[in-house]
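So you can see what is in the structure, the chains are spelled out below.
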Amino acid sequence: MTAFSLVYTLHVLSALVWVGGMFFAWMVLRPAAMKALEGPGRLKLWVEVFQGFFRWVWVAVVILPISGVGMIHLQYAGFETAPRYVQVMMGLYVVMTALFIRIQALLLPELRTALDAQDWPTGAAALGKIRRLVGINLIVGLLLVAIASARPMF
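Residues numbered from 1 in each chain as written. Predicted model: local features only at pLDDT ≥ 70, side-chain atom pairs only at ≥ 80, totals over all residues. Heavy atoms only, no water.

1. Notes on the pattern of salt bridges
One pass over the structure, following the stated rule, counts one salt bridge. Across the salt bridge formed by Glu110 and Lys129, the nearest N and O atoms sit 3.4 Å from each other. With Glu110 in helix α3 (residues 84-116) and Lys129 in helix α4 (residues 120-150), this residue pair connects regions lying 19 residues apart in the sequence. Judged by its relative accessible area of 26%, Glu110 falls in the partly exposed class. (Salt bridge = Lys/Arg side-chain N within 4 Å of Asp/Glu carboxyl O. Helix = DSSP H or I, 4+ residues; strand = E, 2+ residues; numbered from the N terminus. Buried < 20%, exposed > 50% of the residue type's maximum accessible area, 1.4 Å probe, protein only.)

2. Points about the UniProt feature "domain: Copper resistance protein D" (unreviewed entry) in the protein
Within the UniProt annotation, "domain: Copper resistance protein D" (unreviewed entry) is assigned to residues 48-150. End-to-end, the C-alpha atoms of residues 48-150 are 36 Å apart, and along that stretch the chain is 89% helix and 0% strand. (UniProt positions renumbered as here; feature names shortened; annotations may be inferred.)

3. Considering the side chain of Ser14
Secondary-structure assignment places Ser14 in helix α1 (residues 3-36). Taking relative accessible area as the criterion, Ser14 reaches 7% and is therefore assigned buried. Sequence-distant contacts of Ser14, defined by excluding residues within four places in its chain, comprise Ala60, Ile63 and Leu64. (Contact = heavy atoms within 4.5 Å.)

4. Topic: the nonpolar core
Ranked by internal contacts, the top residues of the largest apolar core, which has 40 residues, are Trp18, Met22, Phe50, Phe54 and Leu111. Contributions of two or more residues to this core are made by α1, α2 (39-75), α3 and α4. Per-element tally for this core: the top contributor is α3, with 13 residues. Discounting residues that sit within four places of it in the chain, Met22 has contacts with Phe53, Met96, Val134, Asn137 and Leu138. (Core = buried A, V, L, I, M, F, W, Y, C linked by side-chain atoms within 4.5 Å.)

5. With respect to the packing of aromatic side chains
All chains considered together, the criterion is met by eight aromatic pairs. When the ring of Phe53 is compared with that of Phe54, the centres are 6.2 Å apart and the planes differ by 45°; the resulting orientation is tilted. The same class applies to Phe53 and to Phe54, which are both buried. Note on Trp58 and Phe100: the rings are 5.0 Å apart at their centroids and 70° apart in plane angle, and the pair reads as edge-to-face. (Phe/Tyr/Trp six-rings, centres within 6.5 Å; stacked < 30°, edge-to-face > 60°.)

6. Observations regarding the UniProt feature "transmembrane region" (unreviewed entry) in the protein
UniProt's entry tags residues 6-32, 53-76, 88-109 and 130-150 with the feature "transmembrane region" (unreviewed entry), counted in the numbering of this structure. In the segment residues 53-76, helix accounts for 96% and strand for 0%; the C-alpha atoms at its two ends are 33 Å apart. For the annotated span residues 130-150, helix accounts for 100% and strand for 0% of the residues, and the straight-line distance between the end C-alpha atoms is 30 Å.

7. Remarks on the environment of Phe79
The topology assignment puts Phe79 in the loop between α2 and α3. Phe79 sits in the partly exposed class, given a relative accessible area of 36%. The spatial distance from the C-alpha of Phe79 to the C-alpha of Val69 is 8.4 Å, given a sequence separation of ten residues. Sequence-distant contacts of Phe79, defined by excluding residues within four places in its chain, comprise Val69, Ile72, His73, Gln87 and Met90.

8. Some words on unusual backbone geometry
We note that Gln118 has phi near 55°; this positive angle belongs to a residue other than glycine. Within the element layout of this structure, Gln118 appears in the loop between α3 and α4. Of the residues examined, Gln118 reaches a relative accessible area of 56% and is grouped as exposed. In the Ramachandran plot, Arg151 falls in the positive-phi region, its phi being about 50° despite a non-glycine side chain. Inspection of the secondary structure assignment puts Arg151 in the segment after α4.

Here you go:
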C-alpha cells in the first residue's frame with residue numbers, strides 16, 4: 001500500500017462515516033422514529049443518537065483536513081497547483097464543519113436542556129432546527145461527494 005492510497009482510504013472512510021451517517025439519520029431513522037415513537041421518546045432517542053454519532057463526526061472532522069492536505073502534498077506541489085475542484089471541496093468542508101459545530105455547540109445543548117426540563121415543545125423546536133441544519137449539511141455533503149467523484153475541471 002502506498003502512502004497516497006493509505007491517506008486516500010482514510011479520507012474516503014471519514015467522508016463515508018459523516019455523509020453516510022447523515023443520510024441514514026435523515027432518510028431512514030427519522031421517518032422510523034416518527035412512526036414508532038411519541039414526542040418525548042423521539043426526543044430522548046435523538047439525544048442518544050447525536051451523542052454517539054457526533055463522536056464519529058469529530059473523528060471525521062479531524063481526519064478529513066489532515067488526509068486532504070496530505071493528499072495535496074503527495075500529489076501536487078501545494079495548494080496553488082491543486083485543481084480547482086480540490087479547493088472547492090476544501091471550502092465545502094469548512095461549510096459542513098461550521099454547520100456541525102453550530103448543531104453541536106448551540107442546538108444540541110438547547111435540546112438537552114429542554115429534555116431535562118421535560119419541556120417537550122421547546123425540545124421539539126430544537127430538534128426541528130437540528131433537523132433542518134442536518135438536511136442542509138447532507139445536501140452539501142452529497143454535493144461534495146459528487147464533486148469528488150466527478151472531478152470537474154472548472
